[in-house]
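Below are the chains, spelled out letter by letter.
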Amino acid sequence: MESRIEPLPISGAWKVTPTAFVDDRGCLHEPFHGGQFAAATGIDLAVQQATCSVSHHGVLRGIRVTTEAGPAKYVTCTAGAVLDVVVDVRVGSATFGRWHAERLDYENRTALYLAPGLGHAFLALSDTATLLYLLSRPHQDTDERTVNALDPDLAIAWPPGITPQRAERDAAAPGLFEARQARTLPNYAAWSALHRG
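Parameters at a glance
- Residues numbered from 1 in each chain as written.
- Predicted model: local features only at pLDDT ≥ 70, side-chain atom pairs only at ≥ 80, totals over all residues.
- Heavy atoms only, no water.
- Phe/Tyr/Trp six-rings, centres within 6.5 Å; stacked < 30°, edge-to-face > 60°.
- Helix = DSSP H or I, 4+ residues; strand = E, 2+ residues; numbered from the N terminus.
- Buried < 20%, exposed > 50% of the residue type's maximum accessible area, 1.4 Å probe, protein only.
- Contact = heavy atoms within 4.5 Å.
- Polar contact = N/O pair within 3.5 Å; in protein donor to acceptor, adjacent residues only side chain to side chain.
- Salt bridge = Lys/Arg side-chain N within 4 Å of Asp/Glu carboxyl O.
- Disulfide = S-S within 2.5 Å.
- Pairing = 2+ DSSP bridges.
- Axes fitted to C-alpha atoms, helices over the stretch in contact; angles between N-to-C directions.

J.: Residue-level account of the packing of aromatic side chains, with values.
T.: The geometry of two aromatic rings is summed up by the distance between their centres and the angle between their planes. In this structure the tally under the stated criterion is six aromatic pairs. Ring centres of Phe 32 and Tyr 74 lie 4.9 Å apart, and the angle between their planes is 70°; this geometry places the pair in the edge-to-face category. Note that Phe 32 is positioned in the loop between strand E4 (26-28) and helix H1 (34-41) and Tyr 74 in strand E7 (residues 73-79), a separation of 42 residues in sequence. For Tyr 74, a relative accessible area of 2% translates into the label buried. Connected via pairs of aromatic rings, a cluster forms that spans Phe 32, Phe 37, Tyr 74 and Tyr 113.

J.: Outline the environment of His 120, supporting the account with residue identities and numerical values.
T.: Among the secondary structure elements, His 120 is positioned in strand E11 (residues 119-124). Along the chain, His 120 and Asp 84 lie 36 residues apart, while their C-alpha atoms are 7.5 Å from each other. Once residues lying within four places of it in the same chain are set aside, the contact partners of His 120 are Arg 61, Gly 62, Ile 63, Arg 64, Lys 73, Val 75, Asp 84, Val 85, Leu 114 and Tyr 133. In terms of polar contacts, His 120 uses its side chain to reach the side chain of Asp 84, at 2.9 Å.

J.: I'd love a proper account of the pattern of salt bridges, names of residues and values included.
T.: Evaluation of the coordinates by the stated rule reveals eight salt bridges. Across the salt bridge formed by Glu 144 and Arg 169, the nearest N and O atoms sit 3.2 Å from each other. In this pair, Glu 144 sits in strand E13 (residues 144-146) while Arg 169 sits in helix H2 (residues 168-171), placing the two residues 25 residues apart along the sequence. Overall, the relative accessible area of 39% leaves Arg 169 in the partly exposed class. The network of salt bridges with common partners includes Arg 64, Glu 144, Arg 169 and Asp 170.

J.: Got a sec to walk through the state of the cysteines? Specific residues and values, please.
T.: By the definition in use, this model includes zero disulfides. Here Cys 52 is not disulfide-linked; the sulfur of Cys 77 is the nearest cysteine sulfur, at 9.7 Å. Note on Cys 52: relative accessible area 51%, which makes it exposed.

J.: Go over the side chain of Thr 95 with me, naming the residues and quoting the values.
T.: Its location among the elements puts Thr 95 in the loop between strand E8 (81-87) and strand E9 (99-105). Residue classification places Thr 95 among the buried residues on the basis of a relative accessible area of 12%. At 2.5 Å, the side chain of Thr 95 forms a polar contact with the side chain of Asp 88. Thr 95 has contacts with Pro 9, Ile 10, Asp 88 and Arg 90, leaving out every residue within four places of it along the chain.

J.: Please set out the sheet that holds E7 residue by residue, giving values where relevant.
T.: Across the sheet, six strands lie side by side as E1-E2-E10-E7-E12-E5; this open sheet has antiparallel pairing. Every other strand in the sheet has two partners, leaving strand E1 (3-7) and strand E5 (49-56) as the edge strands with one partner each. Taking each pair of neighbouring strands and ignoring which way they run, the sheet shows an average axis angle of 20°. Taken together, the six bridges between E7 and strand E12 (residues 128-135) define a ladder with antiparallel strand orientation.

This is how it looks when you write it as structure tokens:
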């Protein structure tokens, strides 16, 4: 089953839309196919960890940022629905400060690939939402930074009418430009030396 794999407007981010076989028994699809993904992107994603996250309606997680050498993420929603957001936080990137949002849900079966160094956040839109993360290497807290998902300078268009529920760490995270001044964000030149755009 072939997937549609297309680059997002932020370099290092890709959208994957699998083809599903559906009949009266249910459906079958491939959330990830390494050969197809490598052929389309030139990226050989060797998965070393899978993590499952379950969130209640209104939970807003992120923005989580890995270092340039941290794990890449491949994210799909296996139950419920989320608004998933990729943010370019790489200092020196032509798209620094830009974000791109996609609805991920069980019906569209869409997945997003995020290279190391990109920011990631999501808001749970359904009563519960389950995200499956495939990581290119095991998660380590030392690889991760945070940026405030409600930073007015980013102005991410979160859906109206939902009061976000956030962890203390996420609520206390600095804004994008504060994090830049503190030199905690990835550097685009260093990122480019390690990864394909």
